[in-house]
Amino acid sequence: MNRLNSIEELHRKQKELLARPRGERVIRVCSTGCRALGALEVCEALDREIDRLDLGDRVQVVRTGCHGLCAGAVAMVIDPRGIFYQNVTPHDVPEIIETTILGNKTIRRLCWSSGRQTISRQRDIPFYQRQTRVVLRNCGVVDPRSLEDAVAHGAYLAAADAFSRMPPEGIIAEVIASGLRGRGGAGFPTGRKWEFVRSAAGQPKYIICNADEGDPGAFMDRALLEGDPHLVIEGMIIGAYAIGAAKGFIYVRAEYPIAIEHTEIALDQARRAGLLGEDILGTGFDFDLEIRKGAGAFVCGEETALIASIEGRRGMPRPRPPFPATSGLFGKPTNINNVETWANVPRILEKGAAAYAQIGTEGSKGTKIFALAGKVNNTGLVEVPMGTTLREIIFDIGGGIPHGRRFKAAQIGGPSGGCVPARYLDVPLDYDSVQMIGAIMGSGGLIVMDQATCMVDIAKFFTDFVQSESCGKCVPCRVGTKRMAEILARITAGQAELTEIDQLAQLGEVVREASLCGLGQTAPNPVLSTIRYFRDEYEAHIVEKRCPSHACKALVSTTCSSACPAHVSVQDYVALVAEGRLAEALEVIRRRNPFPSVCGRACDHPCETFCRRGDLDEPVAIRHLKRFVSDRVREIGAPPKWRGPRQGRVAVIGSGPAGLTAAYFLALMGREVKVYEALEVVGGVLAAGIPPYRLPRQVLQRDIEYIRRAGVEIETGRRIASLQELREANFDAIFVAVGAHQSSRLNIPGEDTQGVQDAVSFLRRINLGELTSLPGRVVVIGGGNAAIDSARTALRLGADSVSLLYRRSREEMPAIREEIEEALLEGVEMQFLVAPIAIEGNGSVRAIRINEMELGEADESGRRRPIPKPGGEVVMEADQVIVAIGQGPELSFAASDGQLVVAKGRISAHPVTQRSGEGNLFAGGDAVTGPATIIEAIAAGQRAAQAIDLFLGGKGELPPARGFPGRSKPDEQEAAAPRQAIRGTPPRKRKGNFMEIFKGYSLQAACAEARRCLRCDLD
Ligand SMILES: Cc1cc2nc3c(=O)[nH]c(=O)nc-3n(C[C@H](O)[C@H](O)[C@H](O)COP(=O)(O)OP(=O)(O)OC[C@H]3O[C@@H](n4cnc5c(N)ncnc54)[C@H](O)[C@@H]3O)c2cc1C
Ligand SMILES: Cc1cc2nc3c(=O)[nH]c(=O)nc-3n(C[C@H](O)[C@H](O)[C@H](O)COP(=O)(O)O)c2cc1C
Ligand code: SF4
Ligand code: SF4
Ligand code: FES
């Protein structure tokens, strides 16, 4: 661009540029961050294809900065329709040109999708819809290497306007009135800082842009310089004019080559166009900027260290005062602002301080850019008004947590910040509220953590980081962070003492109080916040030598076997399947879990939730592989028989998974075991609850038969009426595993009307053949497995319609995710955020009165409490109501026994030994935990068997978990394979029958799936 000699020339130039003919289609490709995934190759392919088809006049390719939705790299937008394509590769280019550019049609495969919804236009994607992109307005839109493009989009007009109509003091007053606070971390009011520097004695005055950006996970400053460098330069020109500075520096880390390149180009262009240098726009104002590259030390982001670094000295902080405002660069008054702070300045002047101050909260005005990273679906750059909640950012914009895992915490503010737990999801993010919950806004790094993230390990990561970044000038930081890092290393290795948690906290307080600069003063924040909110995780590492998130290498061999409550050696049997060694694989499973056939179908598979392969694409289908093994090995086989006389008599009450597992392992350990079951069938909920379309009865029988073959005796139709009965029969120990079959009541009018029944009794009657049809309109109340099974069973029994009412949201339903999806496919209508208030009917049910709910404050778990919506009453017609809102154990058999410890309607038992009280009573499964899962019941049975054996004088040893060496890590091709799907009966063919829905894997599919396992134990 030629030199612009006046403000009018700039305006004329802008008009001229806007009038320029552009292509009919403009393809904007992110060519900065997305470069790592091949953006330049995509651009080259576009150029080639456009050349080949001679479309140069009609189609323009613009290489832009970050579009924000970095999870979709390589990202592009096609204007004028604003079609957003993601994950684009050079191979997609010919199709894009043919279908979208020439054919005007969208390519679904490349559109953004949440799984349930596919959206083609950028502005309709929730990620963009819910943002307020003020500073990022042109990032991803303009070509950052083109001054023309920037000017066409309004660059430098705010500066020109300021020169023409505002005195420097007026600009400062405007910035003060806008309420802008520094975006670099501390949140100091920007206008006030400018005022100090303007009025400070001494010349020349300097301004500096702090683009050191050392927080791991933060990249908003980099993205701004890469994607819209003229905006930052314009902000600095305005600042220099207001402060009275003639020289400025942009201090940017050398690790940001694209940011440096684009800023260098922009500075050069601005200088040549008369926007920088002498006599800017003919106004007589002189100002120039230089880039200084930092070597990448976190401490150099601290302003006094940064100044030392620009001066050519070692980047070490010095005590303040004097502040840089009075004695900064080369001892002269200096103003330092962060990149984003500078970028806000033109936006303030564009519309005026009052309009700017409309955005945000009382104490924090404007927007904030967050670098959303970690365990969240839509990672990228997000700009929202100050005061937006974490929940909105993570769930509405970020699309929630991937792989069905739960949100655990967010690290806000990088190494200087803190970990915020789920219960603060609704706290508005502004400088003051964030500080109140133990974090700091920092520069805007926001790392999302799910249930597989260990909070101690996170604290260790950040402490190691600050420790290695400490400049070493003062002892509390240099030595204190080292000692803290050592303690954390011991905790994550399971080698620490309990007292060390408090030592860590005390040390943290000292480091915070006694360090010289912000690095040391904030270094303990991650540790202190995790101790404050996740102390139980610290204790589990120390006391139980267990990492509850299955992440700490020293305590966990593989996340899958650690996350499996029964600790089946998953990696071993999966490896054996990959080699076709199925009998050995089955044996590995049975060494910890005597229910492979059942768990292969109905387990809620926590192993898969935590499987590390899931971090790459999808978890290994561990459950399907278990099913495959149990189906394929046709011989039931027999466990090793106990040789010799059995010693020690154990009674087990209840033949559910808890009771039978305990009985099985006790039998293997040489005990004489007798199981008493009240029903005529064996298996507890497995036989009388879970419907056969999920768990065929002959499949269950296989596992039960194997358990019997271990020497377990089972008596059915025998309800134990009192524990005294068993004492009189001289059992040496008793394991109480009676499950939770007593339904919780709704406690609403009309609950005893005919046609209202509880889910457990309903399913039991079906499973025992007592009920064979259920006509009419059925309403099921609840959100767990019992509710979903009841609803799907009702459909199979001929119900005209089935509606399921749940008081929370779909995401919060406790039922197994896959089962919810199947229920929807089969035609169960689900209503969320509704609660029943009365059942109506004369003699038999006619309708149910419900109240719509709205979500209130978050509870401890981070879930928002449902509260009745005023005026939200609705009446639904119904003929049958099935209640599935929770169950507790029926404990009348223990009423007169003083030894069994009962609290809050459940049996109390030690979490490791399952012992209840001081005598010979043990308890486990749902009777202790309340409604839980099959695998948790199995694990309780396993622990009880060990503890009972020890109690009886044995060693309490289970068979060795491992024992068959299998294959090594997958090769590249095997590892790249997608998760193998399974086939099932289509929903329309499921009505009226209870046939099993899903078919198992073929041998080929099972082997391919098993080869996807990364063998994490071999890392
Ligand atoms: C409908 C439904 C579907 C479910 N689906 C799944 C699923 O898909 N995946 C999953 O992981 N979990 C599921 N669950 C949960 C899971 O089934 C339970 O957590 C598990 O069965 C608990 O095992 P348990 O051995 O403690 O008790 P139970 O399986 O309940 O067994 C207890 C047994 O004790 C007997 N009993 C009670 N009192 C006496 C007495 N006084 N004398 C003699 N016998 C007595 C009962 O008759 C019963 O057979 C489901 C639960 C329900 C209700
Ligand atoms: C250890 C440490 C690192 C820092 N890193 C940065 C940084 O990377 N970028 C930044 O703008 N501010 C950083 N700061 C804050 C700066 O010292 C300073 O407050 C900020 O640049 C002022 O600009 P602002 O008022 O626009 O926020 C850091 C502070 C400390 C203590
Ligand atoms: S607190 Fe740490 S980083 Fe800061 S001056 Fe002291 S030793 Fe250096
Ligand atoms: S990849 Fe394999 S070893 Fe690793 S967690 Fe998943 S199943 Fe286990
Ligand atoms: S880096 Fe390409 S979209 Fe963010």
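Let us look at the structure shown here. (Residues numbered from 1 in each chain as written. Chains lettered and ligands numbered in written order. Predicted model: local features only at pLDDT ≥ 70, side-chain atom pairs only at ≥ 80, totals over all residues. Heavy atoms only, no water.)

## What about the overall build of the protein chain?
Okay, step 1: Along the protein chain, the regular secondary structure elements total 38 helices and 32 strands.
Okay, step 2: On C-alpha atoms alone, the protein chain measures out to a radius of gyration of 33 Å, which is about the 31 Å that the 2.2 N^0.38 rule sets for 1019 residues.
Okay, step 3: For the protein chain, the spread of C-alpha atoms along the three principal axes comes to 105 × 65 × 60 Å.
Okay, step 4: Among the 1019 residues that make up the protein chain, the fraction classed as buried is 59%.
Okay, step 5: Contacts in the protein chain between residues at least 24 apart in sequence constitute 72% of all its contacts with a sequence separation of at least 6. (Helix = DSSP H or I, 4+ residues; strand = E, 2+ residues; numbered from the N terminus. Rg over C-alpha atoms; globule rule 2.2 N^0.38 Å. Buried < 20%, exposed > 50% of the residue type's maximum accessible area, 1.4 Å probe, protein only. Contact = heavy atoms within 4.5 Å.)

## A closer look at unusual backbone geometry
Okay, step 1: In the segment running from R320 into P321, the intervening peptide bond is cis, with an omega of 0 degrees.
Okay, step 2: Residue P322 is reached from P321 by a cis peptide bond, and omega for that bond is 0 degrees.
Okay, step 3: A positive phi is found at D54, a non-glycine position, where the angle reads about 55 degrees.
Okay, step 4: Mapped onto the fold, D54 is located in the loop between α2 (39-52) and β2 (59-64).
Okay, step 5: Positive phi is not limited to glycine here, since H567 has a value of about 55 degrees.

## Quick notes on the site of ligand 2
Okay, step 1: Near ligand 2, the surroundings consist of 18 residues, among which G184, E213, N337, N338 and T341 are the closest.
Okay, step 2: One of the side-chain nitrogen or oxygen atoms of N337 is found 2.8 Å away from an oxygen atom of ligand 2.
Okay, step 3: Isolated, ligand 2 exposes 610 Å² of accessible area, and the fraction of that covered by the protein chains is 90%.
Okay, step 4: Those elements giving two or more residues to the shell around ligand 2 turn out to be β10 (334-338) and α20 (518-522).
Okay, step 5: The leading source of residues in the shell around ligand 2 is β10, at three residues. (Near = heavy atom within 4 Å. Polar contact = N/O pair within 3.5 Å; in protein donor to acceptor, adjacent residues only side chain to side chain. Areas by Shrake-Rupley, 256 points an atom, 1.4 Å probe, with all protein chains shown as cover.)

## So, the site of ligand 1
Okay, step 1: Taken together, 34 residues lie near ligand 1, and A602, E677, R694, H741 and D926 sit nearest.
Okay, step 2: One nitrogen or oxygen atom from the side chain of E677 is found 2.7 Å from an oxygen atom belonging to ligand 1.
Okay, step 3: Taken together, the elements giving at least two residues each to the shell around ligand 1 come down to α28 (657-668), α33 (785-796) and α36 (934-951).
Okay, step 4: For the shell around ligand 1, the leading source of residues is α33, giving three residues.
Okay, step 5: Grouping the constituent residues of the shell around ligand 1 by class yields 18 nonpolar, nine polar and seven charged. (Nonpolar A, V, L, I, M, F, W, Y, C, P; charged D, E, K, R; others polar.)

## Things to note about the sheet that holds strand β8 (residues 247-253)
Okay, step 1: Pairing is parallel in the open sheet, where four strands are placed in the order β9-β8-β7-β10. The strands lining the two open edges of the sheet, one partner per strand, are β9 (288-294) and β10. Along the sheet, successive strands turn relative to each other by an average axial angle of 20 degrees, direction set aside.
Okay, step 2: Bridging between strand β7 (residues 206-211) and β8 involves six bridges; their strand directions are parallel. What sits directly across from N210, in β8, is Y251.
Okay, step 3: Running over the sheet, helix α10 (residues 229-243) touches β7, β8, β9 and β10 and is turned about 150 degrees from β7. (Pairing = 2+ DSSP bridges. Axes fitted to C-alpha atoms, helices over the stretch in contact; angles between N-to-C directions.)

## Some words on the sheet that holds strand β19 (residues 733-736)
Okay, step 1: Strand order across the open sheet formed by five strands is β18-β17-β16-β19-β32, with parallel pairing between neighbours. The open sheet has two edge strands with one neighbour each: β18 (713-715) and β32 (921-923). Each neighbouring strand pair of the sheet contributes to a mean axis angle of 20 degrees, computed without reference to strand direction.
Okay, step 2: In terms of strand pairing, strand β17 (residues 672-676) meets β18 through three bridges, oriented parallel. If you follow K674 over to β18, its bridge partner there is E713.
Okay, step 3: Where α28 meets the sheet, its contacts fall on β16 (649-653), β17, β18 and β19, and the angle it forms with β17 comes to roughly 165 degrees.

## Here's the deal with the environment of R130
Okay, step 1: Mapped onto the fold, R130 is located in the loop between α4 (126-129) and α5 (147-152).
Okay, step 2: On the basis of relative accessible area, R130 is assigned to the partly exposed category, the value being 48%.
Okay, step 3: Spatially, the C-alpha atoms of R130 and A1010 are 41 Å apart, while their sequence positions differ by 880 residues.
Okay, step 4: Leaving out residues up to four positions away in the same chain, R130 has contacts with V384, D396 and I397.

## Some words on the pairing of strand β26 (residues 847-858)
Okay, step 1: Pairing geometry for strand β25 (residues 834-840) and β26, over six bridges, is antiparallel. Considered in β26, the bridge of E840 is made with A847.
Okay, step 2: Hairpin geometry of β25 and β26 is characterised by an intervening segment of six residues between the two adjacent antiparallel strands and by a positive phi of about 155 degrees at G841.
Okay, step 3: Sheet analysis places β26 next to strand β27 (residues 864-877), joined by nine bridges and oriented antiparallel. Bridge pairing links E854 to I867 in β27.
Okay, step 4: Counting the residues between successive antiparallel strands, the hairpin from β26 to β27 contains five residues, one of them, G862, with a positive phi of roughly 90 degrees.

## Section: the side chain of D450
Okay, step 1: Of note, D450 is situated in strand β15 (residues 445-450).
Okay, step 2: Note on D450: relative accessible area 1%, which makes it buried.
Okay, step 3: Within polar-contact distance, the side chain of D450 engages the backbone nitrogen of A452 at 2.9 Å.
Okay, step 4: What D450 contacts, discounting residues up to four positions off in sequence, is K375, I401, R405, R406, F407 and K408.

## Let's talk about the side chain of S529
Okay, step 1: Note that S529 resides in helix α21 (residues 525-543).
Okay, step 2: Polar contacts involving the side chain of S529 include one to the main-chain carbonyl oxygen of P526, which spans 3.2 Å.
Okay, step 3: With residues near it in sequence (within four places) discarded, S529 still touches G418, C419 and G438.

## A word on the pattern of salt bridges
Okay, step 1: Counting across every chain of the model gives 84 salt bridges.
Okay, step 2: A salt bridge links R137 to E350; its shortest N-O distance comes to 3.1 Å. Separated by 213 residues along the polypeptide, R137 in the loop between α4 and α5 and E350 in helix α13 (residues 339-351) bring together distant segments of the chain.
Okay, step 3: Residue R137 is classed as partly exposed on the basis of its relative accessible area of 34%.
Okay, step 4: E500 is paired through a salt bridge with R490; the nearest N and O atoms lie 2.4 Å apart. Note that E500 is positioned in helix α19 (residues 499-514) and R490 in helix α18 (residues 475-492), a separation of ten residues in sequence.
Okay, step 5: For R490, a relative accessible area of 31% gives the class partly exposed. (Salt bridge = Lys/Arg side-chain N within 4 Å of Asp/Glu carboxyl O.)

## Description of the packing of aromatic side chains
Okay, step 1: Per the stated rule, a full pass over the model turns up 19 aromatic pairs.
Okay, step 2: Between the aromatic rings of Y206 and F330, the centroid separation amounts to 5.9 Å while the plane-to-plane angle is 70 degrees, which identifies the pairing as edge-to-face. Highlighted residues: Y206 in strand β7 and F330 in the loop between α12 (303-310) and β10, separated in sequence by 124 residues.
Okay, step 3: Given a relative accessible area of 12%, Y206 falls into the buried group.
Okay, step 4: Ring geometry for Y664 and F665: centres 4.9 Å apart, planes at 70 degrees, overall edge-to-face. Both residues of the pair, Y664 and F665, belong to the buried class.
Okay, step 5: Its guanidinium or amino end placed over the ring of Y256, R222 lies 5.9 Å from that ring's centre, counting from NZ or CZ.
Okay, step 6: Directly above the aromatic system of F731 lies the positively charged group of R649, at a separation of 4.3 Å from the ring centroid. (Phe/Tyr/Trp six-rings, centres within 6.5 Å; stacked < 30°, edge-to-face > 60°. Lys NZ or Arg CZ within 6 Å of the ring centre and 35° of its normal.)

## A look at the pairing of strand β12 (residues 380-385)
Okay, step 1: When you tally the buried positions in β12, you get five out of six residues, the bulk of the element.
Okay, step 2: In terms of strand pairing, strand β11 (residues 367-374) meets β12 through six bridges, oriented antiparallel. Following the sheet pairing, L372 is matched in β12 by G380.
Okay, step 3: Connecting β11 to the next strand, β12, in antiparallel fashion are five residues.

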